[in-house]
Amino acid sequence: MTGQQPGRHEFRVAASTDVHIGRVVGLRVDEVVMPGGGTARREVVEHLGAVVVAAVDADGEITLIHQYRHPIGRRLWELPAGLLDQPGEDPVAAAARELAEETGLGAREWATLVDVAASPGFTDEVGRVYLARDLYPVDRRAMGEEEADLVVRKVPLAEAVRMALAGELVNAATVGGVLAAHAVLSGAAEARPADAPWPDRPRAFAARLEAEQAR
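Quick notes on the rules
- Residues numbered from 1 in each chain as written.
- Predicted model: local features only at pLDDT ≥ 70, side-chain atom pairs only at ≥ 80, totals over all residues.
- Heavy atoms only, no water.
- Helix = DSSP H or I, 4+ residues; strand = E, 2+ residues; numbered from the N terminus.
- Contact = heavy atoms within 4.5 Å.
- Pairing = 2+ DSSP bridges.
- Axes fitted to C-alpha atoms, helices over the stretch in contact; angles between N-to-C directions.
- Buried < 20%, exposed > 50% of the residue type's maximum accessible area, 1.4 Å probe, protein only.
- Expected span 1.5 Å × (residues − 1).
- Polar contact = N/O pair within 3.5 Å; in protein donor to acceptor, adjacent residues only side chain to side chain.
- Domains from an automatic or database assignment.
- Buried area = accessible area lost by both parts, 1.4 Å probe.
- Salt bridge = Lys/Arg side-chain N within 4 Å of Asp/Glu carboxyl O.
- Nonpolar A, V, L, I, M, F, W, Y, C, P; charged D, E, K, R; others polar.

- You'll find the protein entered in an unreviewed UniProt entry as ADP-ribose pyrophosphatase, with Amycolatopsis arida given as the organism.

Structure, rendered in structure tokens:
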């Protein structure tokens, strides 16, 4: 024991090794200095980060998509979402792009609902969930095979809340976004501005890609 007061230790990275650098994620192993003076290995999955959209229309219905998720092995009901994979793209612009591509909807009003750390024990992935209102139709252009397979469905927001609590929605950002949208639209809480600070937005993997493209 160091005798240091809990909560004051700096978990400094003494060394880091890249294990795998893929298209959308990277895996590295860090040697982290622990309070007792030794080090511990921590596996970290780097992620681009994502934007998620809770699009609620004037009738109080929220748009969900049914999408195949290979790691889970089945299709899940989720909010429209996408990676922050366009260099320099503003997150709200990315959210608007994904909403149009996946659902054929645009929105005139945007606000920030919640930021969701997917699994902070091993990944830096954080998604920002936006509330989109004042919706209107736009041309939907499927950008790939997965998008072409999407099923789009509107349900009352209260029904989406029930689905979340019944375990019918399991995507973390979707559950958080649905519950947050209900809290905001019921008057129980207030949303943040669309351009609210995002201190936990992932940066490491995007920086890797930018450095690689600059070579």
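**A short note on the environment of His20**
- Looking at the secondary structure, you find His20 in strand 1 (residues 13-21).
- Remark: the alpha-carbon pair of His20 and Gly82, spanning 62 residues in sequence, is separated by 22 Å.
- Here His20 is in contact with Val25, Gly26 and Leu27, once residues within four sequence places are set aside.

**What about the sheet that holds strand 3 (residues 39-47)?**
- Taken together, the three strands give an open sheet; going across it, the order is 1-2-3, and neighbouring strands pair in antiparallel fashion. Two strands lie at the open edges of the sheet, namely strand 1 and strand 3, each paired on one side alone. Ignoring strand direction, the axes of neighbouring strands in this sheet form an average angle of 20°.
- Sheet strands in contact with helix 5 (residues 204-214) are strand 1, strand 2 (25-33) and strand 3, and its direction is about 65° off that of strand 3.

**A closer look at unusual backbone geometry**
- Within the chain, Asp134 stands out as a residue other than glycine whose phi angle is a positive 55°.
- Note on placement: Asp134 falls in strand 9 (residues 126-137).
- You can call Asp134 partly exposed: its relative accessible area is 37%.

**Concerning helix 1 (residues 91-103)**
- Given a rise of 1.5 Å per residue, 13 residues ought to cover 18 Å, and the 18 Å separating the end C-alpha atoms of helix 1 matches this to within 8%.
- In terms of burial, helix 1 is largely enclosed, as ten of its 13 residues are buried.
- Buried residues in helix 1 make contact with strand 4 (50-55), strand 5 (61-69), strand 7 (81-83), strand 8 (105-117), strand 9 and strand 10 (151-156).
- Here helix 1 starts with a cap whose side-chain oxygen sits 2.9 Å from the backbone nitrogen of Val92, and that cap is Asp90.
- Looking one or two residues past helix 1, Gly104 carries a phi angle of roughly 70°, positive in sign.

**Things to note about the sheet that holds strand 5**
- Spatially, the three strands line up as an open sheet ordered 6-5-10, and their pairing is antiparallel. Where the open sheet ends on each side, the last strands, each with one partner, are strand 6 (74-78) and strand 10. Between one strand and the next, the sheet's axes are offset by a mean angle of 30°, whatever the strand orientation.
- The strands touched by helix 3 (residues 157-165) within the sheet are strand 5, strand 6 and strand 10, with strand 10 carrying the most contacts at an inclination of about 105°.

**A word on the domain arrangement of the protein**
- Looking at the assigned domains, one finds that the protein contains domain 1 (7-46) and domain 2 (50-186).
- For domain 1 and domain 2, the distance between their C-alpha centres works out to 31 Å.
- Taken together, the five residues of domain 1 in the interface contact four residues of domain 2.
- Where domain 1 abuts domain 2, roughly 340 Å² becomes buried across the two surfaces, and 53% of that area is made up of carbon and sulfur atoms.
- Between domain 1 and domain 2 we count zero salt bridges in total.
- Residues belonging to the side of domain 1 that touches domain 2 are distributed by class as follows: three nonpolar, no polar and two charged.

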